[in-house]
Amino acid sequence: MRRRRTARRRAASRRPIRARRSSRQKRAGPSRTLRGRRRLRRSAPAREPNAAHQLQLAYAAGRQAGAALTGDQLRHTPDEDVRQQLHAGWSAWYASARTMSWPLYRQAEARYLAGCAETSGLPIGDWVMLPTEQRVGAVVTVMNEQETIGGVLAELQRLPLTELIVVINGSRDASYDIVRSQTDATIVHTHAPLGHDVGRALGAKLARADVVLFLDGDIPVKAEELVPFALTAAQGSDIVLNDISPYVGRFEDRDAVTMVKEFVNRVMGRGDLGINSLTAVPHAMRSEAIARIGHPHLAVPPKAQVLAMLHGLVIRAAASVDVIAGNRTRAMNTGQHNPVAELIVGDHLEALHEALTAQGKRMAFPDPYRRRVMTMA
Amino acid sequence: MPKRRGAKLRKRAGKPSRPIRNAEFPEVSVIIPAMNERRAIAAVIAEAARVHPSTEVIVVANGSTDGTAQAARRMGARVLSYDEALGHDVGRSIGAREAKGRVLLFTDADIVIPARDLQPLVHAVASGGADIALNTYLGPVAKAQVHSVILAKHALNIFAGRADLKGASMTTIPHAISRGARDAIGCDHLAVPPLAQAIALQQGLVVRGIHYVEVGRRNRRRRRGKTKDPLERLIVGDHLEALDWTIDRVGPRGGRADASRSRELVR
């Protein structure tokens with residue numbers, strides 16, 4: 001039963017990310033029921049003003065960018081130099097364009113690349129542009145991930161990333177060879193396992209980009225699905241979480257980890273974030289946010305999240321990728337008392353410890369009326 | 001819904017309950033904090049007195065201006081009366097301190113729970129099957145977003161390593177505890193029920209969900225319109241206080257290892 005349901009959710013995740021809501025729904029605030037949220041996701045993309053005109057402009061910008069390529073750049077296979085130039089053209093066009101929905105954005109991007117191909121005569125392939133001039137990098141953590149890491153990297157290679165850092169730890173399979181032969185990534189390779197999420201902290205320390213995407217080596221994410229994370233961070237959000245709330249079902253059916261995630265957000269005054277957490281990938285962080293939190297804390301993601309909240313950083317769950325259906329089940333991460341769940345529950349208590357230390361033992365939830373003195377005999 | 005509840009109360013009011021007789025050396029002490037609950041108090045006391053042949057009923061009347069204490073006295077209950085309001089659950093603490101029974105049953109004065117729904121809780125403790133016998137009612141959980149109190153109850157049990165309890169909580173009435181559990185927890189801590197629960201779990205007392213008693217209709221009355229429920233914030237704070245205590249005792253991870261993490265590698 002559960003299997004079948006996840007298959008359906010997976011299909012839903014490929015639908016447009018942002019959908020227009022009726023004015024009545026807007027007034028009612030974000031939908032609180034699952035059915036309501038699914039309905040929102042299903043509703044047709046907006047008919048946007050001047051959509052056709054936008055597409056024409058994108059196409060013209062693409063033709064112009066393609067025509068601007070010269071000499072060496074026009075060899076048979078386009079190289080990184082070409083990609084960066086076309087990407088610069090795209091981000092410049094996007095900056096001048098009106099805001100648009102993601103479906104329209106994707107159409108415009110396709111028109112832009114078609115324009116590039118036409119005037120340059122180059123096969124543009126399956127590149128995905130990023131709508132920002134800021135440097136965007138990625139950190140991928142890998143532990144015995146030879147089956148999936150190739151696919152993860154292939155998607156990242158479709159993006160014009162300025163850096164790719166792969167932290168390989170405790171791997172006894174071909175993960176390293178695959179990463180090395182497929183990419184020119186910066187590789188951190190340790191024979192011993194670093195432990196859960198420590199690789200992220202290490203990668204974050206090495207990263208130099210303005211915006212860093214964090215991924216796991218076992219969950220391939222389509223390049224197109226990473227664009228909203230990068231864009232939201234580029235537009236100023238310090239942390240962009242993956243909104244997995246559409247995939248978790250009713251409260252009573254959830255596991256312990258999901259419940260404590262929601263509890264921590266709720267008591268931090270961020271109930272709007274629901275069950276979303278730095279524990280889940282993919283997510284994006286601005287380099288300033290990493291510095292503010294302190295990269296060692298990223299090894300305990302819920303703690304990093306609470307510290308970010310205590311520092312007043314801007315946290316949003318602005319994009320949604322279904323990582324639940326595809327998550328590899330292992331002996332370690334299934335069952336009621338599995339070690340990974342216990343570790344993550346401990347992480348959340350450790351996170352609360354930070355908040356309790358900073359804000360007092362009841363945080364923002366005072367007890368002004370109890371006459372506690374009366375309880376002393 | 002409130003209409004139905006009112007009708008039920010009126011029916012009970014029309015049939016005055018006979019006064020009870022408190023046992024001199026009771027097996028069971030029923031503790032009922034009450035603040036302006038004259039309407040239902042007689043019926044609550046009558047049901048409470050029937051949980052066991054040897055029972056005392058203690059009413060902790062506080063901040064009441066409607067004659068709650070007098071009504072309770074007329075019913076034969078032992079009444080501890082305070083002019084000022086003591087605040088949420090402080091009455092439980094005071095009642096527990098005065099209790100003489102081997103089993104302490106906690107309930108509230110604003111809801112009439114039939115004795116047959118109280119007996120399983122008392123029996124679980126009296127028979128030694130549990131040190132703390134909880135109501136397994138969880139509130140509305142078949143939805144995407146639950147009330148913060150429900151979320152907090154679940155989270156506390158998970159952090160205490162008792163996810164199997166789900167949201168069963170000493171915050172919810174009715175529940176019964178043994179006299180030994182009372183002494184292990186400390187009467188003062190019973191005024192902050194989630195704290196009492198955290199202490200009980202940490203000390204290894206046997207805490208079990210025993211019986212389902214639907215007490216949701218009562219909670220609904222508290223939420224008027226869309227205004228923020230002040231009790232919600234109080235009770236969530238109680239849970240934080242409980243977690244703070246836990247961290248104090250067993251460390252920031254609640255005793256959970258993360259030795260597998262080489263934290264020293266990233267500084």
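Residues numbered from 1 in each chain as written. Chains lettered and ligands numbered in written order. Predicted model: local features only at pLDDT ≥ 70, side-chain atom pairs only at ≥ 80, totals over all residues. Heavy atoms only, no water.

J.: Looking at this model, I keep getting lost on the overall build of chain B. Mind explaining?
T.: Along the backbone of chain B there are ten helices and seven strands. For chain B, the proportion of its 267 residues judged to be buried stands at 57%. Looking at chain B alone, contacts between residues at least 24 apart form 76% of all its contacts between residues at least 6 apart. Put simply, chain B shows about 11600 Å² of open surface, and 49% of that area lies on carbon and sulfur atoms. (Helix = DSSP H or I, 4+ residues; strand = E, 2+ residues; numbered from the N terminus. Buried < 20%, exposed > 50% of the residue type's maximum accessible area, 1.4 Å probe, protein only. Contact = heavy atoms within 4.5 Å. Areas by Shrake-Rupley, 256 points an atom, 1.4 Å probe, with all protein chains shown as cover.)

J.: Which parts of the structure should I look at to understand the pattern of salt bridges?
T.: For side chains of opposite charge, pairing can occur when their charged atoms come near one another. Residue and element names in this part refer to chain A. The final tally for this structure, using the stated rule, is 41 salt bridges over all chains. With its nearest N and O atoms 3.0 Å apart, the salt bridge here joins D367 to R370. In this structure D367 comes out as buried when scored by relative accessible area, which is 17%. (Salt bridge = Lys/Arg side-chain N within 4 Å of Asp/Glu carboxyl O.)

J.: Explain helix α11 (residues 256–267) of chain A to me, please; I cannot follow it from the model alone.
T.: At 3.6 residues per turn, the α-helix brings residues three or four places apart onto the same side. In a regular helix each residue adds 1.5 Å, so twelve residues correspond to 16 Å; α11(A) covers 17 Å between its end C-alpha atoms and thus fits that length. Of all twelve residues that make up α11(A), twelve are buried, and the element is covered over most of its length. When we look at burial in α11(A), the residues that qualify are A:A256, A:V257, A:T258, A:M259, A:V260, A:K261, A:E262, A:F263, A:V264, A:N265, A:R266 and A:V267. Buried residues belonging to α11(A) abut α13 (301–310) and α14 (339–359) of chain A together with α6 (148–159) and α10 (230–250) of chain B. (Expected span 1.5 Å × (residues − 1).)

J.: Please explain the interface of chain B and chain A as it appears in this structure.
T.: As a measure of interface size, the accessible area lost when the parts come together is often cited. In this complex, chain B contributes 55 residues to the contact, which on the side of chain A involves 58 residues. Approximately 4900 Å² of surface area, both sides summed, lies buried where chain B meets chain A, with 64% of it carried by carbon and sulfur atoms. There are 13 salt bridges connecting chain B and chain A. Between A:E342 and B:R256 there is a salt bridge, and its shortest N-O distance comes to 3.1 Å. Here chain B is connected to chain A by 30 residue pairs in polar contact (both at pLDDT 80 or more). Sorting the residues of the side of chain B that touches chain A by element identifies α4 (90–98), α6 and α10 of chain B as the ones contributing at least two each. (Buried area = accessible area lost by both parts, 1.4 Å probe. Polar contact = N/O pair within 3.5 Å; in protein donor to acceptor, adjacent residues only side chain to side chain.)

J.: Sorry, what's going on with the pairing of strand β6 (residues 175–178) of chain B here?
T.: The side chains of a regular strand alternate between both faces of the sheet. Residues and elements named next belong to chain B. Burial of the side chains of β6 extends over both faces: H175 and I177 are buried on one face and A176 and S178 on the other. Bridging between strand β4 (residues 103–106) and β6 involves four bridges; their strand directions are antiparallel. By the bridge assignment, L104 is partnered in β6 with I177. Sheet topology places strand β5 (residues 132–135) next to β6; two bridges connect them, and they run antiparallel. By the bridge assignment for β6, A133 is matched with A176. (Pairing = 2+ DSSP bridges.)

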